[in-house]
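Each chain, written out:
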Amino acid sequence: MHGEILPMIRMFLFGLMVLGLAACETTKGAGRDLQKAGQTISNTARNVQNSI
């Protein structure tokens, strides 16, 4: 019984680790995109303010 379950638990934990790493990279990329969008909004607001 234990001989069959242990490899399954190991594979499950390995799968969780891989998904966790993938989620970290996705979150990092989304953070960069949001930062770039924020900078664009700030630059546009600054340009409008300077033109008034």
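Residues numbered from 1 in each chain as written. Predicted model: local features only at pLDDT ≥ 70, side-chain atom pairs only at ≥ 80, totals over all residues. Heavy atoms only, no water.

1. Describing the overall build of the chain
Scanning the chain for helices and strands turns up one helix and zero strands. Taking the principal axes of its C-alpha atoms as reference, the chain extends roughly 75 × 10 × 5 Å. Taken across its 52 residues, the chain has 0% of its residues classed as buried. (Helix = DSSP H or I, 4+ residues; strand = E, 2+ residues; numbered from the N terminus. Buried < 20%, exposed > 50% of the residue type's maximum accessible area, 1.4 Å probe, protein only.)

2. Remarks on a nonpolar patch on the surface
A grouping of I5, I9, F12, L13 and L16 is seen on the molecular surface, where their side chains present a nonpolar patch of about 470 Å² in accessible area. With respect to the secondary-structure elements, I5 resides in helix α1 (residues 2-51). Relative accessible area serves as the criterion here: at 35%, I5 is assigned to the partly exposed category. (Patch = residues over 30% accessible without salt bridge, like charges linked within 9 Å, V, L, I, M, F, W, Y side chains within 5 Å. Areas by Shrake-Rupley, 256 points an atom, 1.4 Å probe, with all protein chains shown as cover. Salt bridge = Lys/Arg side-chain N within 4 Å of Asp/Glu carboxyl O.)

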